[in-house]
Each structure stands twice: as C-alpha cells, then as structure tokens.
Amino acid sequence: MTQDEMKLAVAKAAIEYITPKLDKESIIGVGTGSTANFFIQQLASIKHLFEGAVASSDDTANRLQALGIPVYELNDVNEMVVYVDGADEFDPQLNLIKGGGAALTREKIVAAVANEFVCIVDDSKQVAVLGGYPLPVEVIPMARSYVARELTKLNAQPVYRQGVITDNGNVIIDVENLDISDAKGLEEKINNIVGVVTNGLFAQRNADLVLMGTASSVQTITLN
C-alpha cells in the first residue's frame, strides 16, 4: 500500500473500532492533519450514530461542518467518548510527538478530556525513541526569543517556524536534536518554561491505542 492507502486503511479501522462505542448522545473528538482528514471523510458514513464532534482546529471544524457533522465547543461538552487523531511519531510506550500541523495545544486539551485516545498512523511514524521528528512548542509571541534561549539549555536546537500562527494566535518553535529518553519528564520541564503554552509531547496523556497501517494490514498496538 502507498502511504495514502495506509492512512485510508487506518481511518476505516478507526471507524470500525469506535462504532460500537457510540450512541445518539455521543460526542467524539477529532484531530487535525492528513491522517485525521481521512478519518473525517469516513465519519460521514456514520454521522447518524452520534450527536456531534469537538474539533481540535478551525480546519477540522470546517471539514466536519462541510459533511453535516455538528461541531460543539468543548466548554459545552460534559463527556467525550473517544478522541481520534494522528501523530508525527510514537514510541513503544505509546508516547507521541504531535504538532506538525500547529494544532498541538487544542489537540492536547481535547485528548485530556476524552475517555479514550485512539491514535491512527502509518508505520513510518513508529520509532524506538522519540526525537527524530522536531518537537513543536507553542509559544506566546513576546516570549519567543526567551523561550528559544531556554530551550538551547537542553542541548537542542530551537528553530522558529516562520509564517505560522496557531489558531490561538501564538507562534511555533520546532526543537531539533532533543534527548527524549524521559518523555514525561521532558514534557513537564518544557511546559514549565515561562511563555510556553504547551509542547508536542503527549506523554502525560499518551495514546490508549494505536492503529498502525503497514504495507499489508492494520496493526492494533496497546500497552496491555
């Protein structure tokens, strides 16, 4: 299978996985990015089975609404049965790097609320240790230079993602050459830098399940 065919296969697998969990009052969380977009298209076929969705970005909200799927503000939702999203990398502990699409803060918030986090990826995203992909950090604009200086103290290279403004009005610094042997500890450490909104490590709240597309099939990966 091509990469797009693998993304379609995991999107269909996610639909099959979540369908038994849904009822007419269910709210689902929907992620952002190329793989999530395949999932959104597949959601149209089961939109009669659930009440609506919470989107992790303006782009995702627009895609859902174009398919006739009601989009709710998170503040108006008491419970979310599942959150489905992609990732830039995942490790054996189902820790993730996310934020290639600059939606990491809203993705992290929606994932925190959901009862279950299902990550859909192709096999190019599977790694032994996170960090081959630069770690995105969302930053308050006035703090960009300060945060970059603090990030260099981690023996890493911060790179300003020029021309990108998040849905929250902030900027992105991509951090290259990071040692992410302790994903939970590093997530907390970076988030404690003043001016950081959040970073793209999903370790404090990692995935519960990964559906990974390969050349021949879709594999289900859990910690159990």
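For the structure, check the block above.
The model shown is predicted, which means the values in this text are computed figures rather than measured ones.

### Here's the deal with the nonpolar core
Then, in step 1: Within the largest apolar cluster, 26 residues are counted, with the highest numbers of intra-cluster contacts made by I28, F39 and L43.
Then, in step 2: Those elements giving two or more residues to this core turn out to be α1 (3-18), β1 (27-30), α2 (34-43), β2 (52-55), α3 (58-66), β3 (82-85), β6 (117-122) and β12 (209-213).
Then, in step 3: Looking at this core, the element that brings in the most residues is α1, giving 6 residues.
Then, in step 4: With residues up to four places along the chain from it excluded, the contact list for L43 reads I15, I18, I28, V30, F50, L64 and I69.
Then, in step 5: Membership of the second largest hydrophobic core comes to 23 residues, among which are V137, L178, I180 and A183.

### Regarding a nonpolar patch on the surface
Then, in step 1: The grouping of I140, M142 and V197 at the surface amounts to a nonpolar patch, some 310 Å² of accessible area in total.
Then, in step 2: Tracing the backbone through its elements, the reader meets V197 in strand β10 (residues 196-199).
Then, in step 3: We classify V197 as partly exposed; its relative accessible area is 33%.

### Some points on the packing of aromatic side chains
Then, in step 1: By the definition in use, this model includes 2 aromatic pairs.
Then, in step 2: Among the aromatic side chains, those forming a connected cluster through ring pairs are Y83, F117 and F202.
Then, in step 3: It is K98 that lies over the ring of F202; its NZ or CZ is 5.6 Å from the centre.
Then, in step 4: Sitting above the plane of the Y160 ring, R144 keeps its charged end 4.1 Å from the centroid.

### Topic: α2
Then, in step 1: Where α2 is concerned, the buried positions are T35, A36, N37, F39, I40 and L43.
Then, in step 2: Looking at the buried positions of α2, the neighbouring elements they touch are α1, β1, α3, β3 and β6.

### Here we look at the pattern of salt bridges
Then, in step 1: Inspection of the entire model under this criterion finds 10 salt bridges.
Then, in step 2: Of the charged contacts, one joins E187 and K108 as a salt bridge, the two residues approaching to 2.9 Å between their closest N and O atoms. Here E187 is found in helix α6 (residues 183-191), whereas its partner K108 is found in helix α4 (residues 104-113), with 79 residues between them in sequence. Summarising the burial analysis for this pair, E187 and K108 share the class buried.
Then, in step 3: A salt bridge links D174 to R161; the shortest N-O distance between them is 2.7 Å. You can see D174 sitting in strand β9 (residues 171-176) and its partner R161 sitting in the loop between β8 (157-160) and β9, a full 13 residues away along the chain.
Then, in step 4: Using a relative accessible area of 16% as the deciding quantity, one classes R161 as buried.
Then, in step 5: Overlapping salt bridges bring together D85, K98 and E107 as one network.

### Observations concerning the sheet that holds β1
Then, in step 1: If you trace the 6 strands from one edge of the open sheet to the other, you get β2-β1-β3-β6-β12-β13, paired in mixed fashion. Of all the strands in the sheet, just β2 and β13 (218-221) have a single pairing partner and so form its edges. Direction aside, the axes of adjacent strands within the sheet are offset by 20° on average.
Then, in step 2: Pairing of β6 with β12 involves 5 bridges; the strand directions are parallel. Paired with C119 across the two strands is V210, which belongs to β12.
Then, in step 3: Those strands touched by α4 are β1, β2, β3 and β6, and its axis lies near 150° from that of β3.

### Concerning unusual backbone geometry
Then, in step 1: The backbone of A102 sits at a positive phi, close to 70°, despite the residue not being glycine.
Then, in step 2: According to the relative accessible area criterion, A102 is buried, its value standing at 10%.
Then, in step 3: With phi around 60°, N155 is a residue other than glycine that occupies positive phi space.
Then, in step 4: Note that N155 resides in the loop between α5 (144-152) and β8.
Then, in step 5: The class for N155 is exposed, based on a relative accessible area of 69%.

### Let's talk about the side chain of K7
Then, in step 1: Here K7 shows up in helix α1.
Then, in step 2: No salt bridge forms around the buried K7; measuring N to O, its nearest opposite-charge neighbour D4 is 4.5 Å away.

So, how was this worked out
- Residues numbered from 1 in each chain as written.
- Predicted model: local features only at pLDDT ≥ 70, side-chain atom pairs only at ≥ 80, totals over all residues.
- Heavy atoms only, no water.
- Core = buried A, V, L, I, M, F, W, Y, C linked by side-chain atoms within 4.5 Å.
- Buried < 20%, exposed > 50% of the residue type's maximum accessible area, 1.4 Å probe, protein only.
- Helix = DSSP H or I, 4+ residues; strand = E, 2+ residues; numbered from the N terminus.
- Contact = heavy atoms within 4.5 Å.
- Patch = residues over 30% accessible without salt bridge, like charges linked within 9 Å, V, L, I, M, F, W, Y side chains within 5 Å.
- Areas by Shrake-Rupley, 256 points an atom, 1.4 Å probe, with all protein chains shown as cover.
- Salt bridge = Lys/Arg side-chain N within 4 Å of Asp/Glu carboxyl O.
- Phe/Tyr/Trp six-rings, centres within 6.5 Å; stacked < 30°, edge-to-face > 60°.
- Lys NZ or Arg CZ within 6 Å of the ring centre and 35° of its normal.
- Pairing = 2+ DSSP bridges.
- Axes fitted to C-alpha atoms, helices over the stretch in contact; angles between N-to-C directions.
- Lys, Arg positive; Asp, Glu negative; His and termini not counted.

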